[in-house]
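# Structural features, examined
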Amino acid sequence: MAPPVKSTHDAFLEKCRAILEEEEHLRQGGGEAGRNRQIKLGRLPVRDRLDHLLDDPKHFLEIGLWNGYQMYESWGAVPAAGVIAGIGAVSGKPCMVIANDASVKAGAMFPQSIKKVLRAQRIAFECALPIVYLVDSSGVFLPLQDEIFPDEDDFGRIFRNNSVLSAAGIPQYAAIMGNCVAGGAYLPVLCDKILMTEGSGLYLAAPSLVKAAIGQEIDAESLGGAAMHEQMSGTIDFREPDDPTCLDRLRALLDLLPDERVGQSPESAEKTKPERDPNFLYDLTSLDGRKEYEALDMLSCIVDDGSIQEYKKEYGKSLVTAYAKIGGRAVGIVANQRKRTRSKKTGLQMGGVIYAESADKAARFVMDCNQTGIPLIFFQDVTGFMVGLAAEESGIIRSGAKLVNAVSNSTVPKITIVVGGSFGAGNYALCGKAYDPRFIFAWPHARYAVMGAEQASDTLFSILLRAQRRKGGDQSETELENLRDKVKKQYQEQTDIRYGAARGWVDAIIQPHDTRNVLIETLALVARKTPSAPFHTGVLQV
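What counts and how
- Residues numbered from 1 in each chain as written.
- Predicted model: local features only at pLDDT ≥ 70, side-chain atom pairs only at ≥ 80, totals over all residues.
- Heavy atoms only, no water.
- Helix = DSSP H or I, 4+ residues; strand = E, 2+ residues; numbered from the N terminus.
- Buried < 20%, exposed > 50% of the residue type's maximum accessible area, 1.4 Å probe, protein only.
- Contact = heavy atoms within 4.5 Å.
- Areas by Shrake-Rupley, 256 points an atom, 1.4 Å probe, with all protein chains shown as cover.
- Disulfide = S-S within 2.5 Å.
- Axes fitted to C-alpha atoms, helices over the stretch in contact; angles between N-to-C directions.
- Parallel < 35°, antiparallel > 145°, perpendicular 65-115°, else oblique.
- Left-handed = near helix turned anticlockwise from the far one by under 90°.
- Nonpolar A, V, L, I, M, F, W, Y, C, P; charged D, E, K, R; others polar.

Turning our attention to the overall build of the protein chain. A count of helices and strands for the protein chain gives 20 helices and 20 strands. Looking at the protein chain as a whole, 53% of its 542 residues are labelled buried. For the protein chain, restricting intrachain contacts to residue pairs at least 6 apart in sequence, the fraction spanning at least 24 positions comes to 74%. Surface accessibility of the protein chain: about 24,900 Å² in total, with carbon and sulfur atoms responsible for 53%.

Shown next, in the form of structure tokens:
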């Protein structure tokens, strides 16, 4: 007897549970051995540090958890790229926290570690968030130094950002709670306030390298210990005996910052609710992305009940544009309509496809939200722009370019949620990563690629087949099918959202039912004014 077929609802929940289990594994970092090593050194494991620092660790919005996922297998696992980044309250102030996980490769920085830190710095700048760095790193991972050191988005960019953030008036606090070596030593020194624990080390070159370079023999404490930097170099501001005391000092320093009510959620946020139970999302959509659904039904699980005002409802129906409120905050929404619709101009329109008139509508809507200062939220479930003779005659390229232009030049905060497919130029027009969303999240079954797996694998298979036949190959039907299956499997693996998350294409994979809560938190953050920085040097060491 064949096993019973799982319902879409059960399959969806199973997929979500699998993602949660993998995320819990990623949060373990270097595992029990790594934790024990930190404790043996008299230091707190990084997650314990966060528990001590944050007002409520349960409300820590972690970003980049999937960075580096399955990317460095030849060097061993590098969970979360060896860095934890996210937003949480410290003494009542929302802060970006960036913390090295020394249980993972001694906190060494991999290419994705750099990318993760740069992304966190950018979010902090655009949301005017103070940054807290918990430094515990052995420096760059030398075997991959050519991918870390020289380029404009590599290691040096972190220190450039430190300087720009300081000049813009964004507070930066660094706590050295372990190793801080070589070029990485510039990060804390470019911050406004520097804390350092006993037993930590801050130096451009470790004792072994000093001996090799200039022949000088010196112990680590004399070369770059907390006492030396407090008493001799004057580099650090606070010398603390241990991690808990250091973290308490950080909390006290953050408490001195002025209370900015603009960053807080409105009082009505706790009183608002969506029309539908958010768990309805698991019945509405499907894992394979083929099920049609009404975009407004999806939004009814996310926005405040009764707040939706649809813009140009009967025009350009393949995109839904609407004003609404989430947690009491006004937003503009652009979402793919995933059911078939009928246009007065062109007749039947397929769900998830952007047509010329819907692109025109969305472009005007984006411009209007900018005129009134309303933040934009994009819900992506897009297969791309319409193709073919009729589409070209309708001016699809011109209309698409208009939407891309409007999104590119939008100055209001933008947040993107990938709720299904994110394919081709549709990714661009609906504020993909290249178009500067303040935050970009994805659901566990989301897919990211130039085109769908069926079309792409057929195209790639045709190219490979022609190339082989030019070389005189003569494959059997079985060999051809095996080649087709291999190409398709490879492409499907690359469309998995974990593949994109590993490369920093999204900030986090979120659970569908938690979308509203994530948006309430992030809308509060993007409401903070992005600073403009006149030229001055910020804080320099004397």
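Still to come is the rest of the account.
Our next topic: the state of the cysteines. By the definition in use, this model includes 0 disulfides. Sulfur of Cys191: no disulfide; nearest cysteine sulfur belongs to Cys180 and is 9.6 Å away.

Here we take up the packing of helix H3 (residues 46–53) against helix H10 (residues 243–254). Describing two packed helices takes the angle between their axes plus the distance from one axis to the other. One can describe the packing of H3 onto H10 by two numbers: an axis separation of 9 Å at closest approach and a directional angle of 40 degrees. The angle between H3 and H10 falls in the class oblique. Crossing of H3 over H10 shows right-handed handedness. Packed against H3, whose contacting residues are Arg49, His52 and Leu53, the element H10 presents Asp243, Pro244, Leu247, Asp248, Leu250 and Arg251 at the interface. Residue composition of the contact of H3 with H10, grouped by class: 4 nonpolar, 1 polar and 4 charged.

Where helix H13 (residues 356–372) contacts helix H15 (residues 396–408), the two axes come as close as 8 Å, and the packing angle between them is 20 degrees. With respect to each other, H13 and H15 are oriented roughly parallel. Between H13 and H15 lies a crossing of left-handed hand. Note on element contacts: H15 touches H13 through Ile396, Arg398, Ser399, Gly400, Lys402, Leu403, Ala406 and Val407, opposite Ala356, Ala359, Asp360, Ala362, Ala363, Val366 and Met367. Residue classes in the contact of H13 with H15 are distributed as 10 nonpolar, 2 polar and 3 charged.

With respect to the helices, strands and loops of the structure, Tyr499 is situated in helix H19 (residues 497–502). Exposure remark for Tyr499: the relative accessible area of 27% places this residue in the partly exposed category. Sequence separation between Tyr499 and Asn67 is 432 residues, and the spatial gap between their C-alpha atoms is 9.2 Å. The residues contacting Tyr499, other than those within four sequence positions of it, are Glu493, Gln494 and Trp505.

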